[in-house]
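Chain and residue survey
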Amino acid sequence: MELVPALELGWLNGWILLALEFLIQGFLLLIFPKDVVTRLFDRSGWSAKQRVFTIIGKLFSLACLILIILTPLKLNSSVFIVGLILYAIGLAGLVVAMLNFKDTPPSQPVTKGVYKISRHPQIVALFILFLGICVAIGSWVALFMLLMSRSLQHFGILAEEEVCLRRYGESYRAFMEQVPRYFLVF
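Rules behind the numbers
- Residues numbered from 1 in each chain as written.
- Predicted model: local features only at pLDDT ≥ 70, side-chain atom pairs only at ≥ 80, totals over all residues.
- Heavy atoms only, no water.
- Helix = DSSP H or I, 4+ residues; strand = E, 2+ residues; numbered from the N terminus.
- Expected span 1.5 Å × (residues − 1).
- Buried < 20%, exposed > 50% of the residue type's maximum accessible area, 1.4 Å probe, protein only.
- Salt bridge = Lys/Arg side-chain N within 4 Å of Asp/Glu carboxyl O.
- Core = buried A, V, L, I, M, F, W, Y, C linked by side-chain atoms within 4.5 Å.
- Contact = heavy atoms within 4.5 Å.
- Phe/Tyr/Trp six-rings, centres within 6.5 Å; stacked < 30°, edge-to-face > 60°.
- Lys NZ or Arg CZ within 6 Å of the ring centre and 35° of its normal.
- 1 Å grid on protein atoms, 1.4 Å probe; cavity = no way out; pocket = protein on both sides within 12 Å on 5 of 7 lines; lining within 4 Å.
- Points joined across faces, edges and corners; volume = space filled by probe spheres on them.
- Nonpolar A, V, L, I, M, F, W, Y, C, P; charged D, E, K, R; others polar.
- Polar contact = N/O pair within 3.5 Å; in protein donor to acceptor, adjacent residues only side chain to side chain.
- Axes fitted to C-alpha atoms, helices over the stretch in contact; angles between N-to-C directions.
- Parallel < 35°, antiparallel > 145°, perpendicular 65-115°, else oblique.
- Left-handed = near helix turned anticlockwise from the far one by under 90°.

Okay, helix α5 (residues 121-137) next. In this model α5 runs 24 Å from its N-terminal to its C-terminal C-alpha over 17 residues, within 8% of the 24 Å that 1.5 Å per residue would give. Taken across its 17 residues, α5 has 14 buried, putting it largely inside the fold. Note on α5: the residue one or two positions beyond its end, G138, has a positive phi of about 70°.

Written out as structure tokens, the structure is:
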């Protein structure tokens, strides 16, 4: 791992892993019913503070994405193998979480499948996936940008939970008491 890796345009950069994730997630969003996609990206009910912190977090995400696109994969190193394993776990988790989300009626909170071990498995899976890419390119700066992004976007997660409490009431409150927010952390 390097603090600041050499940046260059190339065929064997982190963008390859990024492109695969975008293709798979994009395909799923294309085949999902429109109401499911709308529900996935609904930001109504968020406070101005929650929106601002989420936007700042997205700026850190953009910086991380730029680093990923411009940084070569560390193909002949152990960090690449570790990164690829994390990436595969994250990608598989994302697909499963999205399918669990799709199969839940809009009138109910999503509580089945991987949602039994995390209230936000898509967020956890995306974090693991991007952590894997940051490790595979061997960049501490990209990892820092990812951590900053996810820390600030936590406010968006809190907003989602507030909206779910208003929408689903006691059933969501019971779900919150039984299932940790991220994975092993309540």
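Throughout the structure, instances matching the rule amount to four salt bridges. For K102, the salt bridge identified is with D103, shortest N-O distance 2.8 Å. One network of salt bridges, in which partners are shared, links R119, E161 and R181.

This paragraph deals with the nonpolar core. Of all hydrophobic cores here, the largest spans 40 residues; its most connected members are C64, I68, F130, I133 and L146. Listing elements by their share of this core, those giving two or more residues are α1 (15-31), α2 (34-40), α3 (48-70), α4 (78-102), α5, α6 (140-168) and α7 (170-178). Broken down by element, this core gets its largest block of residues, ten residues, from α5. Here L146 is in contact with C64, F127, F130, L131 and C134, once residues within four sequence places are set aside.

Turning our attention to the packing of aromatic side chains. Enumeration over the complete set of coordinates arrives at three aromatic pairs. Cation over ring: R39 sits above F101, and NZ or CZ is 4.4 Å from the ring centre.

Moving on: the layout of surface pockets. Roughly 1100 Å³ of internal volume is contained in the largest pocket. L40, R43, Q122, I123 and E160 are, among the 41 residues lining the largest pocket, the residues nearest its centre. When residues in the lining of the largest pocket are grouped by element, the largest group, eleven residues, is from α6. Tallied by class, the residues present in the lining of the largest pocket amount to 23 nonpolar, nine polar and nine charged.

Another point: the side chain of T104. By the element assignment, T104 lies in the loop between α4 and α5. T104 gets classed as buried once you look at its relative accessible area, which sits at 4%. In this structure the side chain of T104 is engaged in a polar contact, spanning 3.0 Å, whose partner is the backbone oxygen of N100.

Another aspect to go through is the packing of α1 against α5. Orientation of α1 relative to α5, taken along the N-to-C sense of each, is 160°, at an axis distance of 10 Å. Considering their axes alone, α1 and α5 lie roughly antiparallel with respect to each other. Read as a crossing pair, α1 and α5 show a hand that is right-handed. Of α5, the residues touching α1 (which contributes L17, L18 and E21) are L126, L129, F130, I133 and A136. Residue composition of the contact of α1 with α5, grouped by class: seven nonpolar, no polar and one charged.

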